[in-house]
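A look at the structure
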Amino acid sequence: EFAEGLARAEEAVQIAESVDQPFTLSHAYFGLGLLRLRRGNLGQAIPALEKSLDVCQVSDIQLVLPWAAAALGYAYALAGRSAES
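Notes on the structure in this doc start here.

About the thresholds
- Sequence order as written defines the numbering, with residues in each chain counted from 1.
- Local features in this predicted model are restricted to residues of pLDDT 70 or higher, and side-chain atom pairs are both shown and tallied only at a pLDDT of 80 or more, whereas totals for entire chains, interfaces and linings draw on every residue.
- Side-chain figures throughout are based on the complete set of non-hydrogen atoms in the structure, without hydrogens or water.
- For the purposes of this entry, the term helix denotes a DSSP run of H or I that reaches at least four residues, the term strand denotes a run of E that reaches at least two, and both are numbered from the N terminus.
- By definition, residues are in contact when any of their heavy atoms lie within 4.5 Å.
- A simple rule labels every residue: compare its accessible area, found with a 1.4 Å probe on the protein chains alone, to the largest value its type can have, and call it buried under 20%, exposed over 50%, or partly exposed in between.
- Any Lys or Arg side-chain nitrogen found within 4 Å of a carboxyl oxygen on Asp or Glu counts as a salt bridge.
- Only the stretch in contact is used when a helix axis is fitted, and all axes are lines through C-alpha atoms; the angle between N-to-C directions ranges over 0 to 180 degrees.
- Should an angle fall under 35 degrees it is taken as roughly parallel, and over 145 as roughly antiparallel, whereas 65 to 115 is taken as roughly perpendicular and any remaining angle as oblique.
- In this scheme, a crossing is called left-handed if the near helix is turned counterclockwise away from the far one by less than a right angle; it is called right-handed if the turn is clockwise.
- Here the term charged refers only to Asp, Glu, Lys and Arg, the term nonpolar to Ala, Val, Leu, Ile, Met, Phe, Trp, Tyr, Cys and Pro, and the term polar to all other amino acids, Gly among them.
- By convention, a stacked pair of Phe, Tyr or Trp rings (six-membered ring in the case of Trp) has centres within 6.5 Å and planes under 30 degrees apart, an edge-to-face pair has planes over 60 apart, and any other such pair is tilted.
- The span you would expect from a helix comes to 1.5 Å times its residue count less one.

With that settled, consider the environment of Phe23. Here Phe23 lies in helix H2 (residues 22-39). Residues Phe23 and Gln62, spaced 39 residues apart in sequence, show a C-alpha to C-alpha distance of 9.6 Å. Beyond its immediate stretch of four places on either side in the chain, Phe23 contacts Ile61, Leu63 and Val64.

Structure follows, in structure tokens:
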């Protein structure tokens with residue numbers, strides 16, 4: 001079911017980018033990054049989670065920020081980037 005989930009997450013990112021709504025974009029990137037993280041694809045998960053966190057910080061989105069930060073920290077730790085995690 002990962003393939004279907006990833007297809008929907010990538011579609012959500014495309015839609016969010018087209019309407020340029022920061023909350024929606026932060027959530028879409030978080031979902032995509034989380035799916036990639038759970039699948040074990042750190043090389044693709046980290047950039048999506050970094051994008052989610054960046055959108056949260058720039059747009060002051062406090063609801064998604066702790067989720068994105070926690071998932072990104074976990075991904076960094078798994079990737080051996082303990083100083084960043």
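What follows concerns the side chain of Ser26. By secondary structure assignment, the location of Ser26 is in helix H2. Judged by relative accessible area, Ser26 falls into the buried class, the value being 0%. Excluding its chain neighbours within four sequence positions, the residues that come into contact with Ser26 are Ser52, Val55, Cys56, Ile61 and Val64.

It is worth spelling out the pattern of salt bridges at this point. The full count for this structure, using the stated rule, is five salt bridges. A salt bridge links Glu84 to Arg81, with the nearest nitrogen and oxygen atoms 2.7 Å apart. The partly exposed category is assigned to Arg81, whose relative accessible area is 28%. Put simply, Glu4, Arg8 and Glu11 are held in one network by salt bridges that share partners.

Relative orientation and spacing of two packed helices are given, respectively, by the angle between their axes and the distance between those axes. Closest axis-to-axis distance for the H2/helix H3 (residues 42-59) pair is 8 Å, and the angle between their directions is 155°. Taken as axis vectors, H2 and H3 run roughly antiparallel relative to one another. Between H2 and H3 lies a crossing whose hand is left-handed. Between H2 and H3, the residues in contact are Pro22, Leu25, Ser26, Tyr29, Phe30, Leu32, Gly33, Leu34, Arg36 and Leu37 and Leu42, Gln44, Ala45, Ala48, Leu49, Lys51, Ser52, Val55, Cys56 and Ser59, respectively. For the contact of H2 with H3, the per-class residue count stands at 13 nonpolar, five polar and two charged.

Turning our eyes to something else, we now look at the packing of aromatic side chains. Counted according to the given criterion, the structure contains one aromatic pair. Measuring from centroid to centroid gives 6.0 Å for Phe30 and Trp67, while their planes differ by 35°, and the two rings are tilted. Separated by 37 residues along the polypeptide, Phe30 in helix H2 and Trp67 in helix H4 (residues 65-78) bring together distant segments of the chain.

We now examine H4. Taking 1.5 Å as the rise per residue, H4 with 14 residues should run 20 Å; its terminal C-alpha atoms sit 20 Å apart, in good agreement. Within the span of H4, buried status applies to Ala68, Ala71, Leu72, Gly73, Ala75 and Tyr76. Contacts made by the buried residues of H4 are with H2 and H3. Of the residues one or two after H4, Gly80 is the one with positive phi, at around 80°.

Don't take any of this as a statement about function, it's just geometry.
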